[in-house]
Amino acid sequence: MKKLNRRSFLKGGLAGTAVIAGTAVSKNSSAAGNFGGYPDSMGVLVDFTRCVGCRSCEAACNKEQGLPAPDKPFDDLSVYDEIQHNGQKRRTSEKAYTVVNRYEIEGREKGPVFRKFQCNHCNEPACLTSCFVNAYTKTKEGAVIYDPTVCVGCRTCMVACPFYVPAYSYSSPINPVIKKCIMCYDTRLKFGRPPACVEACPQEVMTFGKRNDLIKLGNARIKNNPDKYIDHIYGEKEVGGTAWMYLSDVPFEELGFNTHIGEQPIISYVKEFLTIVPMVLTIWPALFTGFHLLSNRKEALKNEEKTGNK
Amino acid sequence: MNKLAQQGFKPIDSHTNGNGRTWTVKDKIFLGLSPGEYLSQQFKNPFNWILAVIYIVGVPIIIGRFIYGLGWVTHSSYDYPWGLFLGWGLFTMVPLSASGFMMGTTVELFGRDDFKPIERLGLLNGLLGYLFAVVFLQVDLGQPWRLIYPMFVSLGPAAVLFLVAWHVATYLSCQVAELVPAFAEWMGLPRAKKFVKSMVLGLTVAGIILSTLHQGALGGLFTYAPGKVHPLWYSSPFMWFHFLCSAVFAGLSMLIVVSTLCKWFMRWRCDQRFLESLDRLTLGISKGAALALATYLVIKIIAVAHDNDWQYIFTGWGQWYLLEISIGVILPLVLYTMALRNGSAGLARVSAFIAVAGIALNRLNTALITFNWDLYQEIPHWREVVIVITVYATYIVVYRAVLARMPILYSWKDKT
């Protein structure tokens, strides 16, 4: 899997400056522009207008990923009334990689909107670029997977994720790890099969396919039903694009989506700092040794003057 | 011990006593007192009783953290992955320890030998601050035994934290080396001292590079969280520079604070050279701190202008921001300037205490208080507070133990 992407470019860049060898940088520099994800990466298009909130996807995920039994059974719809910390709705946790929440929308004739929530599998994942042990991998199939055997437990990925997705097993003293949706990579995606939640959905809320095709499909649905849909596929461009994308008939901010998130991948905010690293590494030694020589020279001159006057 | 010194007690400061007897390592550890005398001294010190209480409460909770996991001691949640351990232990301790590279640069690089009496205190403050930042990190990491993974096992060199890890680690060894002369004098190892002296310039330049990068990188870490950190504390192009620049006056102010505490509580261990030059040195350091504060204030304003965050100034968060700037930056800047003008070391010390508190407020604001400002505020768990106090108490104990023994506040009598 020798693909060029921005991450390997950065890696090359840093390694290159460390040994001050320009070749490693120039070889990869063609990938430095915009990285839009792997061309054949898969994705899921979620159409909230179809969701009835049956929680089948939650149950399927729990079974597929071998997660612990939930506090309330999956056919118990009272979870929609649960209010967590400071009025928040339910979120993904170490026991649930996906949750569905209910949003009461004023004036919507069809009743409340149900929103499925899980890892969005970004094209340029912030968790991946922020991880200093390389625990995350973006596979060519589009999934962002995680290697628990190298994780140190620093939780920077949780700070970096703009969607607040990664959960952490705080309760485990021996082996606390990050818990998040991996798009059923090991058991399904790798073999070209859709994630368990997609397959379990009785309403065909989710469409699994190539990300590029899904964008076309989403646009077609919006075009054919301009009165029904909001003219926006959430995830097409947000933070550099995500593998999971969403269609809705109510504004996304009313469903708890962050609509101020921007189209820049998170790493582009960090780049401004990363560019100073090679500069400091190369300029500082000369600069400060120069200062030292100058300050010494003043003293040497002073001494010379003294001896000259004698 | 101050009382004992008034009664004529002279702690060890050379290899032999007046009668030609060579001090043993045991003598050196007990400062020339017998173990019994030493212990009774420790019992008389009321601060030790406070420490005892801290340890009786704190140690079981630290043990509990490793038995029951982080969830038992912190309110760290999925939304607030970082709590007080990092907010205080890493993000505040590290800038307060910038004195190491500041003093190294001043003395070794710029040849300001007049700062020599306080150089070692600056270096020690740097070394211990970093060391305990790592201890705090070890309490916070989910799997502390994997600390070396980013070094050797699985490398993620594109991550900002990778820079922090590598630079803090290499700088830590750099600082150990810079303090070898003090240790060598105390233990009588002239060759080790000579060896380090031969590369001190290289170490100092390395120190500046590594400090620039990791102090900046701590700010760089938050550039991963646009939207999570309040815009007034967040500025992707300026973040690293804010952290670096504030570390300069934080480290210098902390040096004034610890030297003041030494003058008060460890007078018996200070020699005349240190005590006599301290007021002058304090003012010299204040000058540096005042310049850094002025620079910091300007770039803080430029950052708000650059990101066009003015509308936030008139919100509640804006008032909190203005409070931080007025108390943490403008007030110490004014006081330092007044102190310099009147030549008042006392006022400079007051100002240093305020600047240190100000920098703590700034780092806690960035890492904890304004983090997730749009979501909700997290209040640290009481056990988390207890652990922070316990680890910090250990920092003070180690600090005091080194100061009492090695030639930091006094110069070693024998030439080695």
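Asker: Could you clarify how one ought to interpret the overall build of chain B in this entry?
Answerer: What chain B contains, in helices and strands, is 19 helices and zero strands. For 416 residues, the compact-globule estimate of 2.2 N^0.38 gives 22 Å, and the C-alpha radius of gyration of chain B, at 22 Å, lies within 12% of that figure. With the C-alpha coordinates aligned to their principal axes, the bounding extent of chain B is approximately 75 × 55 × 40 Å. Within the span of chain B, comprising 416 residues, buried residues form 60% of the whole. Within chain B, counting contacts between residues at least 6 apart in sequence, those at least 24 apart form 80% of the total. Distance between charge centres in chain B, computed from 31 positive and 21 negative side chains, equals 9 Å.

Asker: Explanation requested: the confidence of the model for chain B in the structure shown.
Answerer: For residues with low pLDDT, the predicted coordinates do not support detailed interpretation. Averaged over every residue, the pLDDT of chain B is 92; residues scoring 70 or more account for 100%. For this predicted complex, the interface score ipTM comes out at 0.88, alongside a pTM of 0.89.

Asker: What should I look at first to understand the interface of chain A and chain B in this one?
Answerer: Interface size, as often reported, equals the accessible area lost upon joining of the parts. The interface is formed by 59 residues belonging to chain A together with 60 residues belonging to chain B. Across the chain A/chain B interface, buried area totals approximately 5300 Å², and carbon plus sulfur atoms make up 65% of it. Taken together, the connections running from chain A to chain B amount to two salt bridges. Of the charged contacts, one joins Arg 91 of chain A and Asp 79 of chain B as a salt bridge, the two residues approaching to 2.6 Å between their closest N and O atoms. In this assembly, chain A and chain B are joined by 28 residue pairs in polar contact (both at pLDDT 80 or more). Those elements that provide at least two residues to the side of chain A that touches chain B are helix H1 (6-19), helix H4 (126-130), helix H5 (156-160), strand S6 (167-168), helix H8 (267-274) and helix H9 (276-309) of chain A. Residues of the side of chain A that touches chain B, tallied by class, amount to 36 nonpolar, 16 polar and seven charged.

Asker: Teacher, can you tell me more about the state of the cysteines here?
Answerer: What is meant by a disulfide is a covalent connection between two cysteines, made through their sulfur atoms. Counted according to the given criterion, the structure contains zero disulfides over all chains. Residue Cys 161 of chain A stays outside any disulfide, its sulfur separated by 6.4 Å from that of Cys 122 of chain A, the closest cysteine. Cys 262 of chain B provides the cysteine sulfur closest to Cys 270 of chain B, a residue in no disulfide bond, and the two sulfurs are 5.9 Å apart.

Asker: For this particular structure, what's the right way to read the sheet that holds strand S8 (residues 206-210) of chain A?
Answerer: Strand pairing in a sheet is mediated by backbone hydrogen bonds. Such pairs are either parallel or antiparallel. Residue and element names in this part refer to chain A. With respect to topology, three strands assemble into an open sheet ordered S8-S1-S9, the strand pairing being mixed. Of all strands in the sheet, those bounded by a partner on one side alone are S8 and strand S9 (244-247). Going across the sheet, the axis of each strand differs from the next one's by a mean of 25 degrees, ignoring polarity. Pairing of strand S1 (residues 42-47) with S9, which is carried by four bridges, proceeds in the parallel orientation. Counterpart to Val 44 in the pairing with S9 is Trp 244.

Asker: So what exactly am I meant to see when it comes to the pairing of S1 of chain A here?
Answerer: Side chains on a regular strand alternate between the two faces of the sheet. All names here are of chain A. Summarising burial for S1: six of the six residues are buried, a large majority. Residues Met 42, Val 44 and Val 46 line one face of S1 and the alternating positions Gly 43, Leu 45 and Asp 47 line the opposite face, and both faces are buried. Note: S1 against S8, five bridges, orientation antiparallel. From the neighbouring strand, Gly 43 faces S8, where its bridge partner is Gly 209.

Asker: Whenever I open this one, unusual backbone geometry confuses me. Can you help?
Answerer: A negative phi angle is the norm for most residues apart from glycine, just as the trans form is the norm for most peptide bonds. All names here are of chain B. Even without being a glycine, Leu 31 presents a positive backbone phi close to 60 degrees. By relative accessible area, which is 2% here, Leu 31 ends up buried. With a phi close to 60 degrees, Asn 372 is a non-glycine residue in the positive phi region. Looking at Asn 372, the relative accessible area reads 1%, which means it is buried.

Asker: Just checking my understanding: could you explain the packing of aromatic side chains for this structure?
Answerer: Pairs of aromatic rings are described using the distance from one ring centre to the other and the angle between the two planes. Under the counting rule described, the total for this entry stands at 39 aromatic pairs over all chains. Seen in terms of ring centroids, Tyr 136 of chain A and Tyr 146 of chain A are 5.3 Å apart; in terms of plane orientation they differ by 50 degrees. Their pairing is tilted. Of the two residues, Tyr 136 of chain A sits in strand S4 (residues 136-138) while Tyr 146 of chain A sits in strand S5 (residues 144-146), which places them ten residues apart along the sequence. According to the relative accessible area criterion, Tyr 146 of chain A is buried, its value standing at 14%. With centroids separated by 5.3 Å and ring planes inclined at 85 degrees, the aromatic side chains of Trp 233 of chain B and Tyr 321 of chain B adopt a geometry described as edge-to-face. On the criterion of sequence distance, the pair formed by Trp 233 of chain B in the loop between helix H13 (200-221) and helix H14 (239-265) and Tyr 321 of chain B in helix H17 (residues 316-342) is long-range, its members being 88 residues apart. Comparing Trp 233 of chain B with Tyr 321 of chain B, the two get one shared label, buried.

Asker: Looking at this structure, I do not really get the pattern of salt bridges. What am I missing?
Answerer: Working definition: two side chains of opposite charge can pair if their charged atoms are close together. Within the structure shown, the criterion is met by 22 salt bridges over all chains. Residue Glu 185 of chain B pairs with Arg 120 of chain B through a salt bridge whose shortest N-O separation is 3.0 Å. Within this pair, whereas Glu 185 of chain B is found in helix H11 (residues 160-187), its partner Arg 120 of chain B is found in helix H9 (residues 116-140), the two being separated by 65 residues in sequence. Both residues of the pair, Glu 185 of chain B and Arg 120 of chain B, belong to the buried class. The network of salt bridges with common partners includes Asp 47, Arg 50 and Arg 221 of chain A.

Asker: Got a minute to help me understand the side chain of Arg 102 of chain A in this structure?
Answerer: Residue position: Arg 102 of chain A is located in strand S2 (residues 99-103). Polar side-chain contacts of Arg 102 of chain A include one of 2.6 Å to the side chain of Asp 81 of chain A.

Asker: Mind showing me how you'd approach the environment of Arg 267 of chain B here?
Answerer: All names here are of chain B. Structurally, the position occupied by Arg 267 is in the loop between H14 and helix H15 (272-306). In this structure Arg 267 comes out as partly exposed when scored by relative accessible area, which is 43%. When residues no more than four places from it in sequence are discounted, the contact partners of Arg 267 are Asn 2, Cys 262 and Leu 275.

Asker: What should I look at first to understand the nonpolar core in this one?
Answerer: Soluble globular proteins tend to bury their nonpolar side chains together. Judged by nonpolar contacts, the single largest core of 219 residues is most densely connected at Met 206 and Trp 244 of chain A together with Phe 91, Ile 118 and Leu 121 of chain B. Top element by residues in this core is H14 of chain B. It accounts for 16 residues. Counting eight residues, the second largest nonpolar core, distinct from the first, contains Leu 45, Ile 215, Met 245 and Leu 247 of chain A.

Asker: For this particular structure, what's the right way to read the confidence of the model for chain A?
Answerer: Mean pLDDT over chain A works out to 86, with 87% of the residues at or above the 70 mark. For residues 12-32 of chain A, every residue scores under 50 in pLDDT, and the model assigns this stretch 19 contacts once sequence neighbours within four places are set aside.

Asker: Explanation requested: the environment of Ile 330 of chain B in the structure shown.
Answerer: Residue and element names in this part refer to chain B. Within the fold, Ile 330 resides in helix H17. On the basis of relative accessibility, which here comes to 36%, the residue Ile 330 falls in the partly exposed class. Put simply, Ile 330 and Leu 297 are 33 residues apart on the chain and 7.6 Å apart in space, counted from C-alpha to C-alpha. Those residues in contact with Ile 330 that sit more than four places away from it in its chain are Leu 297 and Ile 325.

Asker: How should I be thinking about the packing of H15 of chain B against H17 of chain B in this particular structure?
Answerer: When two helices pack together, their arrangement is given by the angle between the helix axes and the distance between those axes. Residues and elements named next belong to chain B. Running from N to C, H15 and H17 point in directions that differ by 145 degrees, and their axes come no closer than 9 Å. Our pair here, H15 against H17, has a crossing hand that is left-handed. Listed contacts from H17 to Leu 283, Ser 286, Lys 287, Ala 289, Ala 290, Leu 293, Ala 294, Tyr 296, Leu 297, Lys 300 and Val 304 of H15 are Tyr 321, Glu 324, Ile 325, Gly 328, Val 329, Ile 330, Pro 332, Leu 333, Tyr 336, Ala 339 and Leu 340. In terms of residue class, the contact of H15 with H17 is made up of 17 nonpolar, two polar and three charged.

Asker: What is the right way to read the packing of helix H8 (residues 99-109) of chain B against H13 of chain B from this model?
Answerer: Residues and elements named next belong to chain B. Taken N-terminus to C-terminus, the directions of H8 and H13 make an angle of 140 degrees; their axes are 9 Å apart at the nearest point. On the basis of their axis angle, the class for H8 and H13 is oblique. Judged by the twist between their axes, the crossing of H8 over H13 is left-handed. In contact with Phe 101, Gly 104, Thr 105, Glu 108 and Leu 109 of H8, H13 contributes Val 200, Leu 201, Thr 204, Val 205, Gly 207, Ile 208 and Ser 211. Looking at the contact of H8 with H13 residue by residue, the classes come out as six nonpolar, five polar and one charged.

Quick notes on the rules
Residues numbered from 1 in each chain as written. Chains lettered and ligands numbered in written order. Predicted model: local features only at pLDDT ≥ 70, side-chain atom pairs only at ≥ 80, totals over all residues. Heavy atoms only, no water. Helix = DSSP H or I, 4+ residues; strand = E, 2+ residues; numbered from the N terminus. Rg over C-alpha atoms; globule rule 2.2 N^0.38 Å. Buried < 20%, exposed > 50% of the residue type's maximum accessible area, 1.4 Å probe, protein only. Contact = heavy atoms within 4.5 Å. Lys, Arg positive; Asp, Glu negative; His and termini not counted. Charge placed at Lys NZ, Arg CZ, Asp CG, Glu CD. pLDDT = per-residue confidence, 0-100. Buried area = accessible area lost by both parts, 1.4 Å probe. Salt bridge = Lys/Arg side-chain N within 4 Å of Asp/Glu carboxyl O. Polar contact = N/O pair within 3.5 Å; in protein donor to acceptor, adjacent residues only side chain to side chain. Nonpolar A, V, L, I, M, F, W, Y, C, P; charged D, E, K, R; others polar. Disulfide = S-S within 2.5 Å. Pairing = 2+ DSSP bridges. Axes fitted to C-alpha atoms, helices over the stretch in contact; angles between N-to-C directions. Phe/Tyr/Trp six-rings, centres within 6.5 Å; stacked < 30°, edge-to-face > 60°. Core = buried A, V, L, I, M, F, W, Y, C linked by side-chain atoms within 4.5 Å. Left-handed = near helix turned anticlockwise from the far one by under 90°. Parallel < 35°, antiparallel > 145°, perpendicular 65-115°, else oblique.

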